[in-house]
Amino acid sequence: MKVIVCIKQVPDTKGGVVFNPDGTLNRGAMLAIMNPDDKAGLEAALRLKDQFGAEVTVLTMGLPKAKDMLIEALAMGADKAVLVTDRKLGGADTWATSSTIAAAIRKLEYDIIITGRQAIDGDTAQVGPQIAEHLGLPVISYTQELKIEDGYAIIKRQYDDRYHMIKAKLPCLCTALAELNDPRYQTVGRIFDYCDKVEADDKDTISTFSRADLDTLRDEDCGLAGSPTKIAKASDKVRKGAGTKVQFDTPEESVAYLMEQLTTRHVI
Amino acid sequence: MDFGLDKKHEMARSLFREFAENEVKPLAQDVDETEQFPVETVKKMARYGFMGIPIPKQYGGQGCDILTYAMCVEELSKVCGTTGVIVSAHTSLCMDPILTFGTEEQKMKYLPKLASGEWLGAFGLTEPGAGTDAQGQQTKAVLEGDEWVLNGSKCFITNGKYADVYIVIAVTGKVEKRGKMMKEISAFIVEKGTPGFTFGVKEKKMGIRGSATYELIFQDCRIPKDALLGQKGKGFNIAMHTLDGGRIGIAAQALGLAEGALERTVDYVKERKQFGRTLAQFQNTQFQLADMATRCEAAQLLVYKAAKAKETQAQYGVEAAKAKLYAAETAMAVTTKAVQLHGGYGYIREYDVERMMRDAKITEIYEGTSEVQRMVISANLLK
């Protein structure tokens, strides 16, 4: 069984947000983590490896520094890693991103593709389902549980106030929720192994695809130029107003005031 | 000279830190209150290779270095001194002597299971009459045919009763040295469950209360002839070598305790207000924190240097002694100051700093008291 997991390196907002003049994120200048939904997807894949001996390949489209995230995935237990990176691919919206990733996936073998539901930077939840459409695969999103039986994926899909049980013939694509599982940690020895291999530029550890390698990708579908949606404006979090400060002599008076305010504003 | 860490060490540190914050910290207070050995935490650590960090891959270990192991103990100890010492005693005091002095058969028999965490290790040297004066050993091992027969007891043994494999130091006879009759001391590998090997008192301690500290009792305990570790008569050297490495682990534990206390204190003084200002705004607080931070960094440099020395030098006892001496005294000073800066709340068990202060004290004592470290350092200067 071969599993491809699409993962994205996203800004760790604890380190602050930095923008380029065109409104896109200056990812190179920010602290980065593996997107939480994607990490859950990777854990789901690793459980398929534990259960069936599946081969797990992680794939990311990003800056060269995304290699660090790929090493993290390998240290968690993934078998192979693919980095899709090229300046020509930068600034992509969800259409361009999904087109690019689909072109990369077409060069690989898979029985199931797992992506995260959405990334904490874009929050669109579009890329996973778009990849499935590009590849002509069924997509099941909001995966809460994933089982594989006799060539089928049996998935519990989260849905508002209920869930659906869906059975899909492989190959298919599912998008994972962070609530799907508790991802495992990395193993110390694997961190060392893969860092050493990447430093030695071992091509078997991380395969790199540039624009030129993606022969099924059209120019009009990649990069900033190939993005039908563009960021109109991006800014740091809007600071809240100073608010109203009041002071009372006793806690009882403070509480009475607070309760009145909360009730008047229909908070409670 | 590059004082920075490379990527793999940074990633390893992040792993240890994340694990410590998420898996160890939430349990630390409870482990201390109940004095329960954190069995489940050890299993989790084993899963990620923490129980075999510096052991070569051919023996089932992670194939990393001493610095990585030291960082693991450091990060664990920032949140729980008990968990830090479990890893330290298991790695430095049990696996290291087997790796260094064991036969290939002994290494293959014990190291894979110890490094995977399936088995836990311990070290039995101390006796009621033999603490700093380790030569005061009374436990005897007598060769009868194909078996050694052990009689005696050990006290204050970390990981006692929970450990599966024990390195036990015992007297095997008398030898003449420089015209005097001295004890011949040897080292043995003893497995839990061997008939005649039982456990006595569990000590009630001031700190590291979740660490199991037991008495080991040997009554006509028969072990195979090949349970001898290293050469007969070389047990004292094996013990001293083992302690040299163990000191690096304990230095890392002390370092972690100091750093953890400093972190808690920085958070606290930013929040706590008196006289209309946060404690952090008072210059006295600022100066205290500056001193604490400087001492912690100095301790860290000594610990990391000692770890590198063990990797690259045949002899590293002096570096280890300096690291342990300074880190332990730093831990005591910094945790005590941390309690003081917390004021009344520093004395309350819900706040971690009082536990850290109680945990720190033992680092000045075990695996060689600070006095012993001073003996080692000065002897090297004056030779």
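Of the regular secondary structure elements, chain B holds ten helices and ten strands. The C-alpha atoms of chain B give 21 Å as radius of gyration, which agrees with the globular expectation for 383 residues (21 Å, within 12%). Dimensions of chain B, computed from C-alpha atoms along their principal axes, come out at roughly 80 × 45 × 40 Å. For chain B, the residues scored as buried account for 54% of the 383 residues in total. For chain B, restricting intrachain contacts to residue pairs at least 6 apart in sequence, the fraction spanning at least 24 positions comes to 73%.

Across its full length, chain A holds six helices and eleven strands. Judged by the C-alpha coordinates and their principal axes, chain A covers about 70 × 45 × 40 Å. Counting over 268 residues, chain A shows a buried share of 40%.

Another aspect to go through is the confidence of the model for chain A. This prediction gives chain A a mean pLDDT of 91; 97% of its residues lie at or above 70. Mean pLDDT across the secondary structure elements of chain A bottoms out at strand S2 (residues 9–11) of chain A, with 89, and peaks at strand S1 (residues 2–6) of chain A, with 98.

Once that is clear, we can look at the sheet that holds strand S5 (residues 80–84) of chain A. Residues and elements named next belong to chain A. Ordered in space as S9-S8-S7-S10-S6-S1-S4-S5-S11, the nine strands form an open sheet in which the pairing is mixed. On the outer flanks of this sheet lie strand S9 (162–169) and strand S11 (206–209), each paired with one strand and no other. The average angle at which neighbouring strand axes cross in this sheet is 30°, direction not considered. Bridging between S5 and S11 involves four bridges; their strand directions are parallel. The residue bridging Leu83 from the neighbouring strand is Thr208, located in S11. Across the sheet, helix H1 (residues 36–52) lies against S1, strand S4 (55–61), strand S6 (112–116), strand S7 (139–149) and strand S10 (172–176), angled at about 150° from S6, the strand it touches most. Lying over the sheet, helix H3 (residues 94–105) contacts S1, S4, S5, S6 and S11, oriented at roughly 145° with respect to S4.

Here we come to the interface of chain B and chain A. Listed as interface residues are 15 residues of chain B and, on the opposing side, nine residues of chain A. Ranked by residue count, the leading element in the side of chain B that touches chain A is helix H1 (residues 7–34) of chain B, at seven residues. Among the residues forming the side of chain B that touches chain A, the class breakdown is eight nonpolar, four polar and three charged.

Attention now moves to the packing of helix H4 (residues 81–101) of chain B against helix H5 (residues 104–115) of chain B. Residue and element names in this part refer to chain B. Look at H4 against H5: their axes get within 10 Å of each other, and the N-to-C directions meet at 150°. Comparing their axes, H5 and H4 come out roughly antiparallel. Remark: the crossing between H4 and H5 carries left-handed chirality. Residues Cys94, Met95, Ile98 and Leu99 of H4 form the contact with H5, whose participating residues are Gln106, Lys107, Tyr110, Leu111, Leu114 and Ala115. Across the contact of H4 with H5, the residue classes tally to eight nonpolar, one polar and one charged.

Now for the pairing of strand S8 (residues 152–159) of chain A. Residues and elements named next belong to chain A. Alignment of S7 against S8, held across six bridges, turns out to be antiparallel. From the neighbouring strand, Ile148 faces S8, where its bridge partner is Ala153. With antiparallel pairing between neighbouring strands as the criterion, S7 and S8 make up a hairpin whose turn holds two residues, including Asp150 at a positive phi of roughly 50°. As judged from the eight bridges shared by S8 and S9, these two strands associate in the antiparallel manner. Note that in S9 the partner of Ile154 across the bridge is Lys167. From the end of S8 to the start of S9, which pair antiparallel, there are two residues, and Asp160 there has a positive phi angle of about 40°.

Attention now moves to the environment of Leu262(B). Among the structural elements, Leu262(B) can be located in helix H6 (residues 235–271). Look past the residues within four positions of Leu262(B) in its chain and what remains in contact with it is Met292(B), Ala293(B), Cys296(B), Val334(B) and Ala338(B).

In this model, H1(B) (28 residues) spans 39 Å end to end at C-alpha, consistent with the 40 Å of a helix rising 1.5 Å per residue. The largest bend in H1(B) is about 50°, located at Val24(B), with the proline Pro26(B) one to four residues further on. Lining the buried residues of H1(B) we find helix H2 (67–76) and helix H5 (188–199) of chain A together with helix H2 (39–47), helix H3 (66–79), H4 and helix H9 (352–361) of chain B. Where H1(B) terminates, the next one or two residues include Glu35(B), which has phi positive at roughly 55°.

Our next topic: the nonpolar core. All names here are of chain B. In terms of nonpolar packing, the biggest core is built from 188 residues, with Ala70, Phe188, Val303 and Ala327 touching the most fellow members. If one sorts the elements of this core by residue count, H6 sits on top with 15 residues. Aside from chain neighbours lying at most four places away, what touches Val303 is Ala70, Ile248, Ala251, Ala252, Leu255, Ala323 and Ala327.

Residues and elements named next belong to chain B. Along the polypeptide, Val318 turns up in helix H8 (residues 317–341). Take Val318: there are 18 C-beta atoms within 10 Å of it, and that puts it in the partly exposed class. Taking C-alpha positions, Val318 is 20 Å from Gly235, a pair spaced 83 residues apart along the chain. Setting aside its immediate chain neighbours within four residues, Val318 contacts Val376, Ile377 and Asn380.

Now for H3(B). Under the 1.5 Å per step criterion, the end-to-end length of H3(B) is 21 Å for 14 residues, consistent within 8% with the ideal 20 Å. Burial of H3(B) is extensive: 14 of the 14 residues sit out of reach of the surface.

With that out of the way, let us pick up the pairing of strand S1 (residues 121–124) of chain B. Residues and elements named next belong to chain B. Where burial is concerned, the two faces of S1 agree: the one with Gly121 and Phe123 and the one with Ala122 and Gly124 are both buried. Sheet topology places S1 next to strand S4 (residues 165–177); four bridges connect them, and they run parallel. In the strand pairing of S4, Gly124 is matched with Val168.

The next point concerns the confidence of the model for chain B. Low pLDDT marks stretches whose predicted atomic positions should not be read closely. For chain B, the mean per-residue pLDDT works out to 97, and 100% of the residues sit at or above 70. Interface confidence for the predicted complex, given as ipTM, is 0.93, next to a pTM of 0.92.

Rules used throughout
Residues numbered from 1 in each chain as written. Chains lettered and ligands numbered in written order. Predicted model: local features only at pLDDT ≥ 70, side-chain atom pairs only at ≥ 80, totals over all residues. Helix = DSSP H or I, 4+ residues; strand = E, 2+ residues; numbered from the N terminus. Rg over C-alpha atoms; globule rule 2.2 N^0.38 Å. Buried ≥ 20, exposed ≤ 12 C-beta atoms within 10 Å, placed from the backbone. Contact = placed C-beta atoms within 7 Å. pLDDT = per-residue confidence, 0-100. Pairing = 2+ DSSP bridges. Axes fitted to C-alpha atoms, helices over the stretch in contact; angles between N-to-C directions. Nonpolar A, V, L, I, M, F, W, Y, C, P; charged D, E, K, R; others polar. Parallel < 35°, antiparallel > 145°, perpendicular 65-115°, else oblique. Left-handed = near helix turned anticlockwise from the far one by under 90°. Expected span 1.5 Å × (residues − 1). Bend = angle between axes of the 7 residues up to and from the residue. Core = buried A, V, L, I, M, F, W, Y, C linked by C-beta atoms within 7 Å.

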